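Residue-level listing of the chains:
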Amino acid sequence: MIKIGENNKLKVVRPVDFGVYLDGGEAGEILMPAKYISSPLSPGDEVDVFVYTDSEDRLVATTERPFARVGEFAFLQVLQVNRVGAFLDWGLPAKNLLVPFAEQKAKMRPGGIYLVYVYLDHTTKRVVASSKIEKYVGNVVPRYTPGDKVSALVFEHTSIGYRCIVDNLHYGMIYDNEVFRPIEVENTVEAYVRQVREDGKIDLTLADKASVRTDSLSERVYNAIVEAGGRLPMSDKSSPEEIRERFQCSKRDFKQAIGHLFRDRRILLGEGELLVADK
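Residues numbered from 1 in each chain as written. Predicted model: local features only at pLDDT ≥ 70, side-chain atom pairs only at ≥ 80, totals over all residues. Heavy atoms only, no water.

Caption draft 1: Layout of the pattern of salt bridges. Throughout the structure, instances matching the rule amount to 15 salt bridges. For Glu219, the salt bridge goes to Arg266, with nearest N and O atoms at 2.6 Å. With a gap of 47 residues between them, Glu219 in helix α1 (residues 210-227) and Arg266 in the loop between α3 (251-263) and β17 (267-270) connect regions that are remote in the sequence. Overall, Glu219 belongs to the partly exposed group, its relative accessible area being 36%. Each of Asp54, Glu56 and Arg58 takes part in salt bridges that share partners, so that together they form one network. (Salt bridge = Lys/Arg side-chain N within 4 Å of Asp/Glu carboxyl O. Helix = DSSP H or I, 4+ residues; strand = E, 2+ residues; numbered from the N terminus. Buried < 20%, exposed > 50% of the residue type's maximum accessible area, 1.4 Å probe, protein only.)

If you want it as structure tokens, here you go:
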């Protein structure tokens, strides 16, 4: 069954002068225009294509990739507004993405960039978008364990941290005290689950699982001590601000890292300083 607004693997039925027709099953044959064909195709060849409907509601296949597929969120720019709604730059030169007026949380204006959810209108079989994102987030119970890796689209910075959409399904939060490298609103970042709260929202961290994180940080701390001549004027009493500026990590992770180095007898803990242990 063809999935409109998503990627499909389809077989070539027959080449024609203006492209190839692909087997769309119950949907019939689907044209992939010649401009998307980079090498000769023969009947039976399988191609990975994105399928959408054109202005006449005909199914079309392309090897180009839109900025977002059905079921995904993205920040997209408005190209024009007319009597039916706002049309967004979808990343497909031959097709813009409609946000009907009824699906606009606030009136959209040309040139504006908005967070939208892409979905298939099952009545018209057209791919459209909505800026009323609250309708599409948090409707599924999260099934994560601490340390699971996720994709997080950052959509807002608040007084406590960055609000995210996790795996296109859930609300998440990266707290400011967990941010040790620059992140920007509108960017998608790789994050890790710290905990799933009772309300279904997810607390995230940019750091990976503790053991891997500690090993990596331990090496950075040890190398910094060596580069400082074997004596670094820092300790577990150093301020969180000093630690963050020097190693881009939390004080907790820093203490775990130096504890790991001390147990391995690679460093000594001096009064307000870290020293390379004599071999």
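Caption draft 2: Just unusual backbone geometry, in detail. For Asp57, which is not a glycine, the phi torsion comes out positive at approximately 65°. Along the chain, the position of Asp57 falls in the loop between β4 (46-53) and β5 (59-62). Note on Asp57: relative accessible area 38%, which makes it partly exposed. For Glu186, which is not glycine, the phi dihedral falls at a positive 90°.

Caption draft 3: Region of interest: the sheet that holds strand β16 (residues 231-232). In spatial order, the strands read β16-β18-β17; together these 3 strands make up an open sheet with antiparallel pairing. The sheet is open, and its two borders are formed by β16 and β17, each paired with just one other strand. As paired elements, β16 and strand β18 (residues 273-276) share 2 bridges and run antiparallel to each other. Residue Arg231 lies in a different strand from β18, and its bridge partner there is Leu275. This element, α3, spans β17 and β18 of the sheet and lies at about 120° to β17. (Pairing = 2+ DSSP bridges. Contact = heavy atoms within 4.5 Å. Axes fitted to C-alpha atoms, helices over the stretch in contact; angles between N-to-C directions.)

Caption draft 4: Looking closely at the sheet that holds strand β14 (residues 188-196). One closed barrel holds the 5 strands; their spatial order is β11-β12-β13-β15-β14, and the pairing between them is mixed. Strand-to-strand twist of the sheet, defined as the mean angle between neighbouring strand axes without regard to direction, takes the value 50°. Of the strand pairs in this sheet, strand β11 (residues 149-157) and β14 are connected by 5 bridges, and their pairing is antiparallel. Pairing of Val150 across the sheet is with Ala191, part of β14.

Caption draft 5: Seen up close, the side chain of His170. If you trace the backbone, His170 turns up in strand β13 (residues 170-175). According to the relative accessible area criterion, His170 is buried, its value standing at 2%. Within polar-contact distance, the side chain of His170 engages the backbone oxygen of Val140 at 3.3 Å. (Polar contact = N/O pair within 3.5 Å; in protein donor to acceptor, adjacent residues only side chain to side chain.)

Caption draft 6: Representation of the nonpolar core in the model. In terms of nonpolar packing, the biggest core is built from 33 residues, with Leu22, Met32, Val49, Leu88, Trp90 and Leu97 touching the most fellow members. When residues in this core are grouped by element, the largest group, 5 residues, is from β4. Ignoring anything within four residues of it in the chain, the contact list for Trp90 reads Phe50, Tyr52, Pro66, Phe67, Ala68, Leu76, Lys95, Asn96, Leu97 and Val127. (Core = buried A, V, L, I, M, F, W, Y, C linked by side-chain atoms within 4.5 Å.)

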